[in-house]
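Observations on the model geometry
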Amino acid sequence: MTGASEVSVGAAVACMGAAVWMLGEREEAARRARLLLAEGGHVGRASPGWRRTADGLWRVRGRLRAEWWSPVAGLLLAVLGTSVLPALLGAAGVPLLRRARLAGRVRRDRERRTDEVIALCGALAGEVRAGRQPGEALLRAARDCGGLAGAQSTVLAAARFGGDVPDALAAAARQPGAEGLRGLAACWRVAVDQGAGLAAGLDRLAAALRAERDQQQDLRAQLAGARATAVMLAGLPVLGLLIGTAMGAGPLHVLLHTGAGLGCLAAGGALEGVGLWWVRRIVRGAEAAA
């Protein structure tokens with residue numbers, strides 16, 4: 001009965017966490033649903049308590065970053081296993097998860113800048129072909145697609161007031177994902193100094209950047225299987241703990257209250273960390289080689 005109750009508590013907490021996460025991910029849908037319930041008839045009047053609960057869960061989900069679920073899980077395991085060790089491990093996992101979250105944000109920003117630079121090159125080529133001067137064409141293209149990667153004011157000022165546009169583009173290209181602006185600066189310099197066709201150079205640059213982006217996306221898709229396998233293997237010990245708890249073996253008690261269990265926990269955690277690090281190194285090496 002004790003094992004079954006522990007499984008029930010764990011399942012309830014997992015379901016609550018999943019519900020909070022889905023509420024946070026579906027902010028716009030939840031907003032529309034709240035408006036519908038507020039304006040529409042019997043359902044909206046019959047469930048004001050549900051709406052307040054959903055709003056409260058969404059606010060909690062919005063305030064808690066992903067890394068703060070680590071101490072929450074640690075506290076839960078500490079209560080179930082009557083040991084302070086899971087709480088300490090959960091607190092230690094906060095900086096690691098924060099680092100992973102920030103790395104994911106940096107990667108998404110880099111991909112967004114790459115897409116914006118490609119769109120900028122295409123839009124600028126179209127404006128030049130329409131007969132506009134390069135400075136005016138850059139102003140229009142930048143306003144349309146926002147592809148100057150955080151340095152829009154500097155580049156637009158250089159284009160508007162006759163400044164050094166290639167230098168401004170080269171400075172903007174220092175941001176991760178905006179490296180293609182160096183090619184745009186080179187095309188601009190060659191077109192101004194030697195009278196070469198700017199639109200043709202921009203088309204070739206956009207095609208090259210698009211091909212490089214597609215190659216990276218294809219490589220990332222091919223490596224997704226390796227990442228998923230690593231995550232699945234890393235989660236197998238948790239599945240083993242759940243099965244052992246359901247069978248009444250008391251694995252948490254063995255791991256947290258016996259010398260052999262603590263040794264196994266330390267060795268397993270070390271091996272798991274080394275395995276994840278090794279897989280990450282292999283994936284990064286493949287991406288760098290490509």
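Attention here is on the structure that accompanies the text. (Residues numbered from 1 in each chain as written. Predicted model: local features only at pLDDT ≥ 70, side-chain atom pairs only at ≥ 80, totals over all residues. Heavy atoms only, no water.)

Right, let's get into the overall build of the protein chain. A count of helical and extended segments in the protein chain gives 13 helices and zero strands. In the protein chain, the succession of helices and strands from N to C terminus is α-α-α-α-α-α-α-α-α-α-α-α-α. Out of the 290 residues in the protein chain, the part that is buried amounts to 28%. Look at the contacts in the protein chain between residues 6 or more apart in sequence, and 56% of them connect residues 24 or more apart. Carbon and sulfur atoms make up 63% of the accessible area of the protein chain, which amounts to about 17,700 Å² in all. (Helix = DSSP H or I, 4+ residues; strand = E, 2+ residues; numbered from the N terminus. Buried < 20%, exposed > 50% of the residue type's maximum accessible area, 1.4 Å probe, protein only. Contact = heavy atoms within 4.5 Å. Areas by Shrake-Rupley, 256 points an atom, 1.4 Å probe, with all protein chains shown as cover.)

A few words now on the packing of helix H11 (residues 198-246) against helix H13 (residues 259-289). For the pair H11 and H13, the least separation of the axes is 11 Å and the interaxial angle reads 180°. Between H11 and H13, the interaxial angle falls into the category roughly antiparallel. Every residue of H13 that contacts H11 at Leu219, Leu223, Ala226, Arg227, Ala230, Ala234, Gly235 and Pro237 is listed here: Glu272, Leu276, Val279, Val283, Ala286 and Glu287. Of the residues in the contact of H11 with H13, the class split is 10 nonpolar, one polar and three charged. (Axes fitted to C-alpha atoms, helices over the stretch in contact; angles between N-to-C directions. Parallel < 35°, antiparallel > 145°, perpendicular 65-115°, else oblique. Nonpolar A, V, L, I, M, F, W, Y, C, P; charged D, E, K, R; others polar.)

Residues Met232, Leu233, Leu236, Leu239, Ile243 and Met247 make up a contiguous nonpolar surface patch of roughly 640 Å² in combined accessible area. On the secondary structure map, Leu239 appears in helix H11. (Patch = residues over 30% accessible without salt bridge, like charges linked within 9 Å, V, L, I, M, F, W, Y side chains within 5 Å. Salt bridge = Lys/Arg side-chain N within 4 Å of Asp/Glu carboxyl O.)

In this section: the environment of Pro86. Structurally, the position occupied by Pro86 is in helix H6 (residues 85-129). Classification of Pro86 as buried rests on a relative accessible area of 10%. Separated by 13 residues in the primary sequence, Pro86 and Ala73 place their C-alpha atoms 8.2 Å from one another. Leaving out residues up to four positions away in the same chain, Pro86 has contacts with Gly74, Leu77, Ala78 and Leu256.

To continue, consider the side chain of Ser83. Along the polypeptide, Ser83 turns up in the loop between helix H5 (69-81) and H6. A polar atom in the side chain of Ser83 sits 3.3 Å from the backbone nitrogen of Leu85. Once residues lying within four places of it in the same chain are set aside, the contact partners of Ser83 are Ala78, Leu256 and His257. (Polar contact = N/O pair within 3.5 Å; in protein donor to acceptor, adjacent residues only side chain to side chain.)

Under the counting rule described, the total for this entry stands at one aromatic pair. Plain terms: the ring middles of Trp277 and Trp278 are 5.9 Å apart, the flat faces sit at 50° to each other, and that makes the pair tilted. A relative accessible area of 45% means that Trp278 is categorised as partly exposed. (Phe/Tyr/Trp six-rings, centres within 6.5 Å; stacked < 30°, edge-to-face > 60°.)

A separate point is helix H7 (residues 134-145). For H7, with 12 residues, the first-to-last C-alpha span of 16 Å sits near the 16 Å given by 1.5 Å per residue. Where H7 is concerned, the buried positions are Gly135, Ala137, Leu138, Leu139, Ala141 and Ala142. (Expected span 1.5 Å × (residues − 1).)

With that settled, the discussion passes to H13. A rise of 1.5 Å per residue sets the reference length of H13, with its 31 residues, at 45 Å; its end C-alpha atoms lie 45 Å apart and thus fit the reference within 8%. Regarding H13, its N-cap is Thr258, as a side-chain oxygen of that residue lies 3.1 Å from the backbone nitrogen of Gly261 further along.

In this section: the nonpolar core. Residues Leu124, Leu138, Leu181 and Leu184 are the most contacted members of the largest nonpolar core, which totals 34 residues. Elements with a minimum of two residues in this core: H6, H7, helix H8 (152-160), helix H9 (165-172), helix H10 (180-194) and H11. Sort the elements by how many residues they give to this core and H6 lands first, with seven residues. Non-local contacts of Leu184, meaning those with residues more than four positions away in its chain, are made with Leu120, Leu124, Leu169, Leu202 and Leu205. (Core = buried A, V, L, I, M, F, W, Y, C linked by side-chain atoms within 4.5 Å.)

Taken N-terminus to C-terminus, the directions of H5 and H6 make an angle of 170°; their axes are 7 Å apart at the nearest point. If you check the angle between H5 and H6, you find them roughly antiparallel. Relative to H6, H5 is oriented so that their crossing is right-handed. Facing Ser70, Pro71, Gly74, Leu75, Leu77 and Ala78 of H5, the residues of H6 in contact are Pro86, Ala87, Leu89, Gly90, Ala91, Gly93, Val94 and Leu97. (Left-handed = near helix turned anticlockwise from the far one by under 90°.)

The final tally for this structure, using the stated rule, is zero disulfides. Take Cys121: it sits in no disulfide, and the sulfur closest to it among the cysteines is that of Cys187, at 7.5 Å. Of the residues examined, Cys187 reaches a relative accessible area of 19% and is grouped as buried. (Disulfide = S-S within 2.5 Å.)

Scanning the model with the defined rule gives 11 salt bridges in all. A salt bridge links Arg213 to Asp115; the shortest N-O distance between them is 3.0 Å. Taken together, the positions of Arg213 in helix H11 and Asp115 in helix H6 put the pair 98 residues apart, joining distant regions of the chain. Exposure remark for Asp115: the relative accessible area of 33% places this residue in the partly exposed category. When the shortest N-O distance is used, the salt bridge between Asp203 and Arg129 registers 2.1 Å. With a gap of 74 residues between them, Asp203 in helix H11 and Arg129 in helix H6 connect regions that are remote in the sequence. Owing to a relative accessible area of 31%, Asp203 belongs among the partly exposed residues under this scheme.

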